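Here's the letter readout for the chains.
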Amino acid sequence: MIITVPTKPYSDQKPGTSGLRKKVPHFQQENYAENFIQSIFDSLEDFKGKTLVIGGDGRFYNREVIQKAIKMAAANGFGRVLVGQGGILSTPAASNVIRKYKAFGGIILSASHNPGGPTEDFGIKYNIGNGGPAPEKITDAIYANSKTITSYKTVDAPDINLDQVGNFDLGEMHVDVIDPVADYAALMEQLFDFNAIRNMFSLGFRMVFDAMSAVTGPYAKEILENRLGAAEGTVRNFTPLPDFGGHHPDPNLVHAKELYDEMMGHDAPDFGAASDGDGDRNLIIGQGIFVTPSDSLAILAANASLAPGYSNGIAGIARSMPTSAAADRVAEKLKIGIYETPTGWKFFGNLLDAGKVTICGEESAGTGSSHVREKDGLWAVLLWLNVLAARGESVQEIVRQHWAAFGRNYYSRHDYEEVDADAANGLMDALRASLPTLPGTKIGALTVEKADDFAYHDPVDHSESRKQGVRVLFAGGSRVVFRLSGTGTSGATLRVYIERYEPDSSRHGIETQEALADLIAAAEELAQIRSRTGRDTPSVIT
Ligand code: G1P
Ligand code: ZN
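A quick note: this is a predicted structure, and the numbers were derived from the prediction, not measured.

Engineer: Honestly, the pattern of salt bridges in this entry has me stumped. Any pointers?
Structural biologist: Side-chain pairs of opposite charge can arise whenever the charged atoms involved come near each other. This model, assessed by the stated rule, comprises 34 salt bridges. Across the pair Arg373 and Asp353 runs a salt bridge whose closest N-O atoms are separated by 2.7 Å. Of the two residues, Arg373 is situated in the loop between β18 (366-369) and α13 (377-391) and Asp353 in helix α12 (residues 349-353); the sequence distance between them amounts to 20 residues. Taking relative accessible area as the criterion, Asp353 reaches 41% and is therefore assigned partly exposed. One connected set of salt bridges, linked through shared partners, spans Arg319, Asp328, Glu340, Lys450, Asp452, Arg471, Arg479 and Glu499.

Now the structure itself:
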């Protein structure tokens, strides 16, 4: 009953920062998803009889593509598919299932923090046997295959019932519909001191977790409320909806504004957190204080040994290049390695596999560790809770003490979304062309010390990744970074990352945009954002 279906290639199936992302109607074109999935299988070797994990964030079109992927996996010779009940697996949970059951790899259906629904975003990503996103060698092969594909293989069989945990046979292949939460919750229990956190909740610690109607709802309910005893109602918007309730499931200060306002208000809870569409991002807010992801990475790394899973210390830290250098100071103090990688979690995999680093993070609200090979939103929340329980101090106290000890890296990212792609490329080209002349240039009181287009040499497999973002470094340690997003689905998104280091603790209370004002002005002068994009202000400031 294996059938070979003739197809024609699409020219636009190049995976971006995190898999292939397009609008749903684009994915609904004839054989569009099938072509991409077959191109994934065609880029892999020796998987006959092996296990494939499949799951997604529950967004619109998730179930349809899961059924297609299961049948195609059977026709292509996989021996077993593990699929989350209801088609659900958060990105970190999928990574864990791949690792725990020694699967060959996994297909994750998600467009992360992008909106969902019939006209919104969808995505397909392939993860390898270590549980992490496929490296560029594989994503390049997938793209090459997608341009020459002539047919795909599937089986002629009814759909699998995804709504109940159970086992099915599909031709030669077994399908196990698994509980999407159980393995992940068990892993978290191993890493963190659940007794200490439970005790903190029983003493009246109050928390709010906004699951943003996305995939972390069932995970957060089970772990925070059922296992850790947080009050019922702690987890909000916990039912995953195909359109996320019409919102962007992006835990930042724009899309999680209600939570932010609550945390800044009178009688705020002790701790506020949120996660994104597929559960890999985190937002951390204390009573009266937003913790930037870059600071959160540094603070978690500095305090990780308070959690049982990291009690022997951490081997090293990796951060993406645009992420602030706050973590570098922690690594220096702990005398451990620090690695600066291009944007995207896939660059951390080799460092984690080689044991060079234990904790990784990105300024885009991604933090994680060697426990899986993806960033992990709930993991970051639980490590924070473990640190809070162990130290008995507030988020505010912990952050301020950290700044006093290490200095403060004022940090902000300005996004200009959906700008004209030609204008955005023109802006980047002009910046690149100006690089040789920038060193020594004065902009207001700032002097450019160094300027380059970031290139990464992977110390493990020695691969090179070029053109990963334009960096302008000023004397004194401040910097501005420019890059175009690799995850957007319409037009281009320009990201401008701005950072200033302030060692003097008497100057740690300045409002962030104010503290960065001269650098923001310098970014405009360097890149001519207004005239080139026609935008006066960023669409999102984080
Ligand atoms: C964005 C973030 C990046 C993250 C990725 C996937 O990519 O900037 O740090 O790894 O989403 O969540 P970008 O759109 O900037 O290419
Ligand atoms: Zn995500």
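Past the structure itself, the notes keep going.
Engineer: Explanation requested: the pairing of strand β17 (residues 359-362) in the structure shown.
Structural biologist: Burial along β17 is two-sided: the residues Ile359 and Gly361 and Cys360 and Glu362 are all buried. Two strands pair when backbone bridges link them, and strand β15 (residues 316-320) and β17 are joined in this way by three bridges, in the parallel orientation. Residue pairing in the sheet places Ala318 in a bridge with Cys360 of β17. Here β17 hands over to β18 after three residues, with Ala365 in that stretch at a positive phi of 70°.

Engineer: Quick question: what am I supposed to make of the site of ligand 1 here?
Structural biologist: Contacts to ligand 1 come from 14 residues, most closely from Ser364, Ser485, Gly486, Thr487 and Arg495. For ligand 1, an oxygen atom lies 3.0 Å from a polar atom in the side chain of Arg281. Side-chain polar atom of Ser485 to an oxygen atom of ligand 1: 2.6 Å apart, as the coordinates give it. The protein chains hide 99% of the 380 Å² of surface that ligand 1 would expose on its own.

Engineer: Explain the packing of aromatic side chains to me, please; I cannot follow it from the model alone.
Structural biologist: Two numbers describe a pair of aromatic rings. These are the distance of the centres and the angle of the planes. Inspection of the entire model under this criterion finds 15 aromatic pairs. Ring centres of Tyr10 and Tyr32 lie 4.7 Å apart, and the angle between their planes is 70°; on these two criteria the pair is classed as edge-to-face. Of this pair, Tyr10 sits in the loop between β1 (2-6) and β2 (20-23) while Tyr32 sits in helix α2 (residues 32-42), and the two are 22 residues apart along the sequence. The exposure class assigned to Tyr10 is buried, which follows from its relative accessible area of 19%. An aromatic cluster is present here, built from Tyr10, Phe27, Tyr32, Tyr61 and Phe122 joined pairwise through their rings. In this structure, Lys221 packs its charged tip against the face of Phe238, placed 4.3 Å from the ring centre.

Engineer: Explanation requested: the layout of surface pockets in the structure shown.
Structural biologist: Remark: the empty space left among the atoms is shown by a probe the size of a water molecule rolled over them. Considered as a void within the structure, the largest pocket measures approximately 930 Å³ in volume. In terms of lining residues, the largest pocket is bounded by 31 residues, among which Gly16, Thr17, Leu484, Ser485 and Gly486 are the most central. Within the residue set of the lining of the largest pocket, elements represented by two or more residues are α5 (136-148), α15 (421-434), β25 (479-484) and β26 (492-502). One number sums up the size of the second largest pocket: a volume of about 740 Å³. Listed by contribution, the elements that provide at least two residues to the lining of the second largest pocket are α9 (257-264), β13 (282-286), β14 (289-291), α10 (293-303), α14 (395-406), β19 (408-419) and α16 (512-515).

Engineer: Quick question: what am I supposed to make of the nonpolar core here?
Structural biologist: Soluble, globular proteins show a tendency: their nonpolar side chains are buried together. Core analysis: the biggest nonpolar cluster contains 71 residues, and Phe192, Phe271, Trp379, Trp384 and Leu385 have the highest contact counts within it. When residues of this core are assigned to their parent elements, the largest contribution, ten residues, is made by α13. Look past the residues within four positions of Trp384 in its chain and what remains in contact with it is Phe271, Ile284, Val291, Ser296, Ile299, Leu300, Val395, Ile398 and Val399.

Engineer: Is there a simple way to explain the coordination of the zinc ion (ligand 2) in this structure?
Structural biologist: A metal bound by six donors in octahedral fashion has ideal angles of 90 or 180 degrees, whereas one bound by four tetrahedral donors has an ideal angle of 109.5 degrees. Of the protein atoms, only Ser112 (OG), Asp276 (OD), Asp278 (OD) and Asp280 (OD) coordinate the zinc ion (ligand 2), at distances of 2.0 to 2.1 Å. One way to put it: the four donor atoms around the zinc ion (ligand 2) meet at angles of 85 to 162°, and that makes the site irregular. You can call Asp276 buried: its relative accessible area is 0%.

Engineer: In this structure, what is going on with unusual backbone geometry? I would like to understand it.
Structural biologist: Excluding glycine, residues mostly carry a negative phi; peptide bonds, for their part, are mostly trans. Although it is not a glycine, Glu418 adopts a positive phi angle of roughly 50°. Along the chain, Glu418 falls in strand β19. The exposure class assigned to Glu418 is exposed, which follows from its relative accessible area of 55%. Residues other than glycine seldom take positive phi values, yet Lys467 does so here, at roughly 50°. Among the residues examined, Lys467 registers a relative accessible area of 56% and is labelled exposed.

Engineer: What am I meant to see in the sheet that holds strand β12 (residues 271-275) here?
Structural biologist: Two modes of strand pairing occur in sheets, parallel and antiparallel, and in both the strands are linked by backbone hydrogen bonds. Taken together, five strands build an open sheet; the order of strands is β11-β10-β12-β13-β14 and the sheet is mixed. A strand with exactly one partner marks an edge of an open sheet, and here the two such strands are β11 (235-236) and β14. Bridge analysis of β13 against β14 gives three bridges, and the strand direction is antiparallel. By the bridge assignment, Ile285 is partnered in β14 with Phe290. Where α9 meets the sheet, its contacts fall on β10 (207-210), β11, β12, β13 and β14, and the angle it forms with β13 comes to roughly 20°. Its contacts with the sheet put α13 on β10, β12, β13 and β14, and the angle it makes with β12 is roughly 165°.

Engineer: Can you help me understand the packing of α13 against α14 in this one?
Structural biologist: Helix-helix packing is described using two parameters, namely the angle between the two axes and the distance between the axes. Contact geometry of α13 with α14 gives a least axis separation of 10 Å together with a crossing angle of 90°. Between α13 and α14, the interaxial angle falls into the category roughly perpendicular. On α14, the residues that touch Trp384, Val387, Leu388 and Arg391 of α13 are Val395, Ile398, Val399 and Gln401. Counted by class, the contact of α13 with α14 contains six nonpolar, one polar and one charged residues.

Engineer: I'm lost on the pairing of β15 in this one. Help?
Structural biologist: Along any regular strand the residues' side chains alternate between the sheet's two faces. Taken across its five residues, β15 has five buried, putting it largely inside the fold. Side chains Gly316, Ala318 and Ser320 of β15 all project onto a buried face; the interleaved residues Ile317 and Arg319 project onto the opposite face, where all are buried too. Bridge count for β15 against strand β16 (residues 337-341) is five bridges, and the pairing is parallel. Of the residues in β16, the one forming a bridge with Gly316 is Gly337. On the question of chirality, the crossover connecting β15 to the parallel β16 by way of helix α11 (residues 326-334) is right-handed.

Cut-off values and rules
Residues numbered from 1 in each chain as written. Chains lettered and ligands numbered in written order. Predicted model: local features only at pLDDT ≥ 70, side-chain atom pairs only at ≥ 80, totals over all residues. Heavy atoms only, no water. Salt bridge = Lys/Arg side-chain N within 4 Å of Asp/Glu carboxyl O. Helix = DSSP H or I, 4+ residues; strand = E, 2+ residues; numbered from the N terminus. Buried < 20%, exposed > 50% of the residue type's maximum accessible area, 1.4 Å probe, protein only. Pairing = 2+ DSSP bridges. Near = heavy atom within 4 Å. Polar contact = N/O pair within 3.5 Å; in protein donor to acceptor, adjacent residues only side chain to side chain. Areas by Shrake-Rupley, 256 points an atom, 1.4 Å probe, with all protein chains shown as cover. Phe/Tyr/Trp six-rings, centres within 6.5 Å; stacked < 30°, edge-to-face > 60°. Lys NZ or Arg CZ within 6 Å of the ring centre and 35° of its normal. 1 Å grid on protein atoms, 1.4 Å probe; cavity = no way out; pocket = protein on both sides within 12 Å on 5 of 7 lines; lining within 4 Å. Points joined across faces, edges and corners; volume = space filled by probe spheres on them. Core = buried A, V, L, I, M, F, W, Y, C linked by side-chain atoms within 4.5 Å. Contact = heavy atoms within 4.5 Å. Donors = N, O, S within 2.8 Å, 3.2 Å for Na, K, Ca; no water. Tetrahedral: all angles 85-135°; square planar, octahedral: opposite > 155°, others 65-115°. Axes fitted to C-alpha atoms, helices over the stretch in contact; angles between N-to-C directions. Parallel < 35°, antiparallel > 145°, perpendicular 65-115°, else oblique. Nonpolar A, V, L, I, M, F, W, Y, C, P; charged D, E, K, R; others polar. Right-handed = clockwise from strand over helix to strand, strands pointing away.

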